Structure formats: structure tokens, C-alpha cells
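Residues per chain, in single letters:
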Amino acid sequence: MSNAPVDKGRRRFLTVATSVVGGAGAVGVAVPFIASWNPSAKAKNAGAPVEVNIRKAEPGQLIRVKWRGKPVWVVRRTPEMLDGLSKIEDNLRDPNSEEPQQPPYAQNKYRSIKEEFFVAVGICTHLGCSPSYLPSGMGEHVEGVESGFFCPCHGSKFDIAGRVFESVPAPLNLVVPPHYFVDENTILVGEDKGQA
């Protein structure tokens, strides 16, 4: 060992420089590692809200979109369809939508924000089949009902507000997803208004 005096300034500089380089390296490793915990772009898009353009929807027309891998229906109901809703309430399992199958703003007779437009996940609550939309001809399955949804797999029947009839396999009304009207011509499915 040498008896030369210790250069404390140089030692301090090397200690500080080593600490800075080590800290930068730790940050350089930590940032990509933590970023890898975030969902991928594909996963984000799978659950992302979906815009539905309803400008050209004709009365009685059903528009299908996909949200979170599920079919979502937007039905523009006619005045005749809406008039028939109160006439069949005695035949429904949950006419007042008391089961939590819809957001609070859709817990009404129409199960919608605007009476004219019905938004629902197009999956039967029995075993996950996709019911058929019957704008007319529902009377073949339910007496006195002109339009609704019929699941041919096991015979579940829903009115035009997605409310399930009694004595069918489906236990619950169709699910109404979170949604809101962005403007008069656009519905955003998958998000409540004010949520972001």
C-alpha cells in the first residue's frame, strides 16, 4: 500500500457519479418493467366504449354492434311498440326491473334513457344464446304481443324492453349496458355519462 495522501474530492466525485449512474440504471429498468403491467392495446380496445351512430336508424330497426366481445343491440322502437309495453306487465317476471340488470337511469318501464331507443346486450340470461329480434310476429310465441325477442334454443321470450316473460327458462331480464347519448345521433355504449 502506498502512503500517498487520499484525494477526498476525487473519492467524493466517484461516489456521487457512481450513485447517479446506478440510479439512472434502476429507473431505466423499472420503467419498462412497470409499463409491462399495463394492459395491451388489444386488451384496452376489447373493453373500450363503442360509439353507435343512430342517425339513419328507421323505426323498428335493430342495429348490432360488438362491445367486450358481446353483441349489443340498439332498437329504435315505434310508438306502437311502446304503447304495448304496459298491456303485458302481468305476464312478466320482473316488470319493474327490480333485479340489477340495468343502470339506475334505465330502471323504468322502457328500460332506456330515451323511450324510442332500447340498448341491450343481445345474450339470453338463461344459457347465453343470442335471441332473435322479432319486430313483428312475436304473437306466434306470446299471445297479444307483436314485437320482442325470442330465444329459439330453449324458448325464452322477452318483450321489446328486454323484460322476460314468466314460465320461460330465462331467469332475468336482458342486460342493459352502461351507455349515454353523446348527441342526438350518437350513443356511447360501455360508459356512463360523466365517467372517464
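Per chain, residues are indexed from 1 in the order of the written sequence. Thresholds applied to this predicted model are a pLDDT of at least 70 for local features of residues and 80 or more for the giving and counting of side-chain atom pairs; totals over whole chains, interfaces and linings are not thresholded and use all residues. To obtain the side-chain values, all non-hydrogen atoms of the structure were used and water was disregarded.

- The name an unreviewed UniProt entry gives the chain is Ubiquinol-cytochrome c reductase iron-sulfur subunit, with Idiomarina zobellii as the organism.
- UniProt positions are given in the numbering used here, feature names are shortened, and annotations may be inferred rather than shown by experiment. Turning to the chain, the UniProt record has this under Catalytic activity (unreviewed entry): "a quinol + 2 Fe(III)-[cytochrome c](out) = a quinone + 2 Fe(II)-[cytochrome c](out) + 2 H(+)(out)".

### Some details on the packing of aromatic side chains
Part 1 of the reasoning: The pairing test for Phe, Tyr and Trp rings, Trp by its six-membered ring, is centres within 6.5 Å, and the orientation test on the planes gives stacked under 30 degrees, edge-to-face over 60, and tilted for anything in between. Taken as a whole and assessed by the stated rule, the structure comprises 4 aromatic pairs.
Part 2 of the reasoning: Here Phe 118 and Phe 149 contribute two aromatic rings whose centre-to-centre distance is 6.1 Å and whose plane-to-plane angle is 45 degrees, an arrangement assigned as tilted. With a gap of 31 residues between them, Phe 118 in strand E4 (residues 117-121) and Phe 149 in strand E6 (residues 148-151) connect regions that are remote in the sequence. The pair formed by Phe 118 and Phe 149 is uniform in burial state, with each residue classed as buried.
Part 3 of the reasoning: Ring pairing ties together the aromatic residues Trp 73, Phe 118, Tyr 133 and Phe 149, which thus form one cluster. We count a stretch as a helix when DSSP gives it H or I for four or more residues in a row; a strand needs E for two or more, and each element gets its number in order from the N terminus. The cut-offs for exposure are 20% and 50% of the maximum accessible area for each residue type, with area from a 1.4 Å probe on protein chains only; residues under the lower value are buried, those over the upper are exposed, and the others partly exposed.

### Structural notes on the nonpolar core
Part 1 of the reasoning: As used here, the term nonpolar core means buried Ala, Val, Leu, Ile, Met, Phe, Trp, Tyr and Cys residues forming a set that is joined through side-chain atoms within 4.5 Å. One finds Val 75, Tyr 133, Phe 149, Phe 158 and Ile 160 to be the most contacted residues of the largest nonpolar core, which totals 23 residues.
Part 2 of the reasoning: Residue assignment for this core shows that the elements contributing at least two residues are strand E3 (70-76), helix H3 (79-83), E4 and E6.
Part 3 of the reasoning: When checking whether two residues touch, look at their non-hydrogen atoms; a contact exists if any pair is within 4.5 Å. The residues touching Ile 160, leaving out its near neighbours within four places in the chain, are Val 75, Arg 77, Met 81, Leu 85, Phe 118, Tyr 133, Ser 147, Gly 148 and Phe 149.
Part 4 of the reasoning: Ranked by size, the runner-up nonpolar core spans 15 residues in total, among them Val 65, Trp 67, Phe 117 and Val 119.

### Re the UniProt feature "domain: Rieske" (unreviewed entry) in the chain
Part 1 of the reasoning: In the numbering used here, UniProt assigns the feature "domain: Rieske" (unreviewed entry) to residues 84-188.
Part 2 of the reasoning: With 0% helix and 23% strand, residues 84-188 has its two end C-alpha atoms placed 27 Å apart.

### Describing the pattern of salt bridges
Part 1 of the reasoning: The rule for a salt bridge is simple: a side-chain nitrogen of Lys or Arg has to be within 4 Å of a carboxyl oxygen of Asp or Glu. As enumerated under the stated definition, the model contains 4 salt bridges in all.
Part 2 of the reasoning: A salt bridge links Glu 89 to Arg 163, with the shortest nitrogen-to-oxygen separation between them at 3.6 Å. In this pair, Glu 89 is assigned in the loop between H3 and E4 and Arg 163 in the loop between strand E7 (156-159) and strand E8 (179-183), connecting sequence segments 74 residues apart.
Part 3 of the reasoning: Bridged by salt links that share partners, the residues Glu 89, Asp 159 and Arg 163 form one connected network.

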